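# Summary of the model geometry
Letter by letter, the chains look like this.
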Amino acid sequence: MFAEGYIAPNWDIKEFKKLDYSFDTHKDNNLLNEFANVGHSKMYMTLYNYFQPKPFPSVVFDYIVPQFNLENISVAINLFTPGQYLPVHGDLYGKYKTFHNLTTENITRCVIMLEDSVPGQVSQACDKTVGTWKAGYWISWENNDPHAVYNMSKENRYGIQLTGVSKQKKLI
């Protein structure tokens, strides 16, 4: 299920640009092979990310995370350099489910954009495609809803990725 919203960008982007990102790919090799077999290059179906337990800028946990009604939250920061993309796919959540001992929970993934978009940066989730946003804009989806990220611009694209389950209202 697609959702979108906005939080005021109360952060210094320089804190995110100086992090020590790691090179990564999607974990579903079959998916990558399917796209490679029709002409995509595995060399570009990649990203850079920064995961817990590495230290994060304090604004992530002091300001950004509390804006979302999620529990069992895991945070990552994703960097897509020019030319990198992840084609339409669903998420597997293998490490997340193991770490939080989850089986059939409805998992929500939310990506908060850290900077204004530039032409060529595109995000998709469910049946919605977004190519223009302001810093603080976010999109989310549930479970393995189809989504994609494309950076066909000349600039890096930074986003905070929150993974969690919706907080349940307690019945009295």
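On a predicted model such as this, the values are computed, not experimentally measured, just so you know.

What follows concerns the side chain of His-100. Inspection of the secondary structure assignment puts His-100 in helix α4 (residues 94–100). From its side chain, His-100 meets the backbone oxygen of Asn-72 in a polar contact 3.4 Å long. Excluding residues within four positions of it along the chain, His-100 makes contact with Asn-72, Ile-73 and Ser-74.

Counting residues in hydrophobic clusters, the biggest one holds 27 residues, and the most contacted among them are Trp-11, Phe-16, Phe-68, Ile-77, Ile-112, Ile-160 and Leu-162. If you list the elements that add at least two residues to this core, you get α1 (13–17), α3 (58–64), β4 (70–80), β6 (107–113) and β11 (157–166). Per element, the largest residue contribution to this core is 5 residues, and it comes from β4. In this structure Ile-160 touches Phe-16, Val-60, Ile-64, Val-75, Ala-76, Ile-77, Cys-110, Val-111, Ile-112 and Leu-114, once residues within four positions along its chain are discounted.

To continue, consider the packing of aromatic side chains. For the structure shown, the criterion picks out 7 aromatic pairs. Centre to centre, the rings of Tyr-85 and Tyr-150 are 5.9 Å apart; their planes meet at 20°, and the pair counts as stacked. One end of the pair, Tyr-85, is in strand β5 (residues 85–89); the other, Tyr-150, is in strand β10 (residues 147–151), with 65 residues separating them in the sequence. Tyr-85 gets classed as buried once you look at its relative accessible area, which sits at 10%. The partly exposed category is assigned to Tyr-150, whose relative accessible area is 22%. Joined through ring pairs, the aromatic side chains of Tyr-21, Tyr-50, Phe-56, Phe-61 and Tyr-158 make up one cluster.

When you line up the elements, Tyr-137 lands in strand β9 (residues 137–142). For Tyr-137, a relative accessible area of 12% translates into the label buried. In contact with Tyr-137, other than residues within four places in its own chain, are Phe-2, Glu-4, Gly-5, Tyr-6, Val-111, Ile-112, Met-113 and Val-130. Within the local environment of Tyr-137, its side chain forms a polar contact with the side chain of Glu-4, the two groups lying 2.5 Å apart.

The amide bond that connects Gln-52 to the next residue, Pro-53, takes the cis arrangement and shows omega of 15°. With respect to the helices, strands and loops of the structure, Pro-53 is situated in the loop between β3 (46–51) and α3. Its identity as a non-glycine residue notwithstanding, Asn-72 has a phi of 55°, on the positive side. Relative to the helices and strands, Asn-72 is located in strand β4.

The rules behind the values
Residues numbered from 1 in each chain as written. Predicted model: local features only at pLDDT ≥ 70, side-chain atom pairs only at ≥ 80, totals over all residues. Heavy atoms only, no water. Helix = DSSP H or I, 4+ residues; strand = E, 2+ residues; numbered from the N terminus. Polar contact = N/O pair within 3.5 Å; in protein donor to acceptor, adjacent residues only side chain to side chain. Contact = heavy atoms within 4.5 Å. Core = buried A, V, L, I, M, F, W, Y, C linked by side-chain atoms within 4.5 Å. Buried < 20%, exposed > 50% of the residue type's maximum accessible area, 1.4 Å probe, protein only. Phe/Tyr/Trp six-rings, centres within 6.5 Å; stacked < 30°, edge-to-face > 60°.

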